[in-house]
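Structural overview
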Amino acid sequence: MGVNVRHSLLSALALSFPLTRAASSVNATAACQSISATGTEVLTLADALNPQWTDAQSHYWSAANADLQPACAVYPTSALAVSQIVSILQNNTGVPFAVKSGGHNPNVGYSSVEGGVLISMSNLSSTVLSEDTTTADIGPGARWVQVAEALDGTGVTVVSGRLGDVGVGGLTLGGGLSFLSAEYGLVCDNVINYEVVLANASIVNANASSNSDLYWALKGGGNQFGIVTKFTMKTHPIGQIWGGIRSYAATEAEALLNATENFNENYDKDPKAAVIVTGEIAIDSLLEIFVVFFFYDGPTAPAGIFDEFNAIPFLTDGTETRSYYDLINSDDGTNLYGLRYLIRATTLPNLPNATGKALYNYHYNEWRNYVMTEGILHPGFIFSLAFQPMPYIIPAESVAAGGNALGMNPAEGDRMWMEYDISWLTALGDDDAHAMSMNITATIDEYAKTVYAGIKNTHFEAGNLEEEEYNPIFMNDAMYDQMPLQSYENDGYIKLKAIQQSVDPTGFFPSRTGGFKFT
Ligand SMILES: Cc1cc2nc3c(=O)[nH]c(=O)nc-3n(C[C@H](O)[C@H](O)[C@H](O)COP(=O)(O)OP(=O)(O)OC[C@H]3O[C@@H](n4cnc5c(N)ncnc54)[C@H](O)[C@@H]3O)c2cc1C
């Protein structure tokens, strides 16, 4: 068991992003004072009873982020205020900072900061629908539930996160997978304009005709390019939808994973559908279940796409006809605060029929065996692995929308975006959680490449079988030691790196704030 309180998460962070705590403290205080002088609200630990301070400093999905103590939290209300903050940070050498939207990214130091300036976007959280209802201006500090609520009853919605509590800022900059992605692409594919403050404090718009390189880079390229102060998103018609959560006994694992492979392989027949299939094991109770999120963009799911799932007996059934807002809001029931979390990502090929089913079942059983032998030694830990279909029709929508930084080619066929979560109670478990997370994902790529060598994933037409099927690493589910940017296809990484250097030649973002880095 690890025993260091300032644990491996922080030391790993320090490797990629040096925390110049001693050097920055005087400058950080000066920066906080200068920001206050511009009229932007600034709070410090002295305001510990102020709920706005608590919200910024300690309301994170992973409680590990609340271990970090910023010199101050600042609450800009406009792009101009963000620009003033960037100027002041530029004038105060070495002061680290973090931009916080929904605070759902578990990687310590990404939207949290020790001894620096925490920029809370919570006062930039409005959703404004255009008069013709074709677009919506969305503040980066909004949570998706606020967006869905604001658009509820208008007949349109945006391609959004699937759990309401997650923030708009981080999810969209990491690409964003939605229940509506098979119909309309990733969340970022639906952004038509980014209003963004660059490292030189200028406020620019990035869209298809203005700053188009930056526009492309922000579509999945992460937080090293600037601070986004407004997303303008395309809207899409929405009426009553069908969806909710069913839970299953773990004895249904094989049937569920077989259905998941089949669903992905046949996804192009009905892009209005979506599932997330998650196996969970809680060590204390040894409760083993499957939880499946179902979604259909229509009041009822027609016969066909969910047939195989529907034949599997469930324990509980929360699916119903409801509004999109109601679904996004209710999904938050699965969102537990107060724990520490890590998430790790891999991408697997969706191999055809029996081979695909065998691969998913092998992987689940390996995961389960590991949890039941190694994980079981860790009281209070909860493990999950989620299968998130990534059919070729999603990259096809991305390409149709002008392409994004992830660079996935629809000709490379169907894949599965895997997400592995571990949660635990105290910092004493941090090292073990990290080690187990790495062990769980250590061998699956090699296994699949060896055992299923040469077998093409479903809907594969062209590409490098051994590379693209296993990439990209989905940034939104990636752990701090993974390298999602480097996994982007079609030389995406090289292009992204050049754009980052052109908009931030002095390396302001790479040197001062956390996030996935260029190497
Ligand atoms: C319960 C849960 C459900 C999830 N569901 C989904 C899902 O359905 N689809 C999906 O794609 N992902 C999902 N994710 C992953 C999620 O998208 C990422 O963790 C994402 O980074 C969280 O965004 P946030 O704004 O809440 O996080 P934050 O922690 O606030 O921010 C994450 C990163 O983005 C940066 N950032 C935030 N706002 C800005 C801005 N305005 N300008 C520049 N940088 C900014 C931060 O500095 C930080 O590096 C989920 C995660 C959790 C924990």
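The rules behind each value
Residues numbered from 1 in each chain as written. Predicted model: local features only at pLDDT ≥ 70, side-chain atom pairs only at ≥ 80, totals over all residues. Heavy atoms only, no water. Helix = DSSP H or I, 4+ residues; strand = E, 2+ residues; numbered from the N terminus. Rg over C-alpha atoms; globule rule 2.2 N^0.38 Å. Buried < 20%, exposed > 50% of the residue type's maximum accessible area, 1.4 Å probe, protein only. Areas by Shrake-Rupley, 256 points an atom, 1.4 Å probe, with all protein chains shown as cover. Lys, Arg positive; Asp, Glu negative; His and termini not counted. Charge placed at Lys NZ, Arg CZ, Asp CG, Glu CD. Salt bridge = Lys/Arg side-chain N within 4 Å of Asp/Glu carboxyl O. Pairing = 2+ DSSP bridges. Axes fitted to C-alpha atoms, helices over the stretch in contact; angles between N-to-C directions. Contact = heavy atoms within 4.5 Å. Near = heavy atom within 4 Å. Polar contact = N/O pair within 3.5 Å; in protein donor to acceptor, adjacent residues only side chain to side chain. Nonpolar A, V, L, I, M, F, W, Y, C, P; charged D, E, K, R; others polar. 1 Å grid on protein atoms, 1.4 Å probe; cavity = no way out; pocket = protein on both sides within 12 Å on 5 of 7 lines; lining within 4 Å. Points joined across faces, edges and corners; volume = space filled by probe spheres on them. Domains from an automatic or database assignment. Disulfide = S-S within 2.5 Å.

**Let's talk about the overall build of the protein chain**
- The helix and strand tally for the protein chain stands at 17 helices and 19 strands.
- In summary, the protein chain has a C-alpha radius of gyration of 22 Å against a globular reference of 24 Å for 519 residues, a match within 12%.
- Counting over 519 residues, the protein chain shows a buried share of 61%.
- Of the roughly 18,400 Å² of accessible surface on the protein chain, 54% is carried by carbon and sulfur atoms.
- Each charge class in the protein chain can be summarised by its mean position, and for the 23 positive and 54 negative side chains these summaries are 5 Å apart.

**Re the pattern of salt bridges**
- Applying the stated criterion across every chain yields a total of 12 salt bridges.
- With a closest N to O distance of 2.6 Å, Glu-288 and Arg-368 form a salt bridge. With Glu-288 in strand 14 (residues 287–296) and Arg-368 in helix 12 (residues 353–373), the pair connects residues that are 80 residues apart, well separated along the chain.
- Where Asp-430 meets Arg-340, a salt bridge forms, and the shortest distance between an N and an O atom there is 2.9 Å. With a gap of 90 residues between them, Asp-430 in helix 14 (residues 430–441) and Arg-340 in strand 17 (residues 340–349) connect regions that are remote in the sequence. Taken as a pair, Asp-430 and Arg-340 share a single burial class, namely buried.
- Through salt bridges with shared partners, a single ionic network connects Asp-67, Arg-340 and Asp-430.

**Things to note about the sheet that holds strand 5 (residues 127–129)**
- Spatial ordering of the open sheet is given by 5-6-10-8-9, a layout of five strands whose pairing is antiparallel. Looking at strand neighbours, the two that pair on one side only are strand 5 and strand 9 (203–206), the edges of this open sheet. Taking each pair of neighbouring strands and ignoring which way they run, the sheet shows an average axis angle of 15°.
- Two elements, strand 8 (residues 191–197) and strand 10 (residues 227–234), share six bridges in a ladder whose sense is antiparallel. By the bridge assignment, Val-191 is partnered in strand 10 with Met-233.
- Set on the sheet, helix 4 (residues 79–91) makes contact with strand 8, strand 9 and strand 10; between it and strand 8 the angle comes to about 45°.
- The sheet contacts of helix 5 (residues 144–151) involve strand 5, strand 6 (135–138) and strand 10, and relative to strand 5 the element is tilted by about 30°.

**With respect to the site of the ligand**
- Taken together, 28 residues lie near the ligand, and Val-99, Gly-103, Ser-111, Arg-162 and Leu-177 sit nearest.
- Between Tyr-110 and the ligand, the recorded distance is 3.2 Å, taken from a backbone N or O atom to an oxygen atom.
- Between an oxygen atom of the ligand and a side-chain N or O atom of Ser-111, the distance comes to 2.7 Å.
- Look at the ligand: alone it shows 960 Å² of surface, and the protein chains cover 95% of it.
- Top element by residues in the shell around the ligand is helix 6 (residues 168–173). It accounts for four residues.
- Counted by class, the shell around the ligand contains 12 nonpolar, 14 polar and two charged residues.

**Observations regarding empty space enclosed by the protein**
- Summed over the entire model, instances satisfying the criterion amount to one cavity of 30 Å³ or more.
- As a volume, the largest cavity reaches approximately 90 Å³.
- In terms of lining, the largest cavity is formed by 13 residues, of which the most central are Ser-178, Tyr-267, Ala-274, Val-275 and Pro-389.
- Counting residues per element, the ones that place at least two in the lining of the largest cavity are helix 7 (181–184), strand 13 (273–282) and strand 18 (382–390).
- At three residues, strand 13 tops the list of elements feeding residues into the lining of the largest cavity.
- Residue composition of the lining of the largest cavity, grouped by class: nine nonpolar, three polar and one charged.
- Looking at the lining of the largest cavity, you find at least three residues from each of domain 2 (127–238 + 498–502) and domain 3 (241–489).

**Quick word on the state of the cysteines**
- Counting across every chain of the model gives one disulfide.
- Put simply, Cys-32 and Cys-72 are joined by a disulfide, and their sulfur atoms are 2.1 Å apart. Since a negative S-S torsion denotes a left-handed disulfide, the Cys-32-Cys-72 link at about -90° is left-handed. Here Cys-32 is found in helix 2 (residues 21–37), whereas its partner Cys-72 is found in strand 2 (residues 72–75), with 40 residues between them in sequence.
- A relative accessible area of 7% places Cys-32 in the buried class.

These figures come from the coordinates and say nothing about function on their own.
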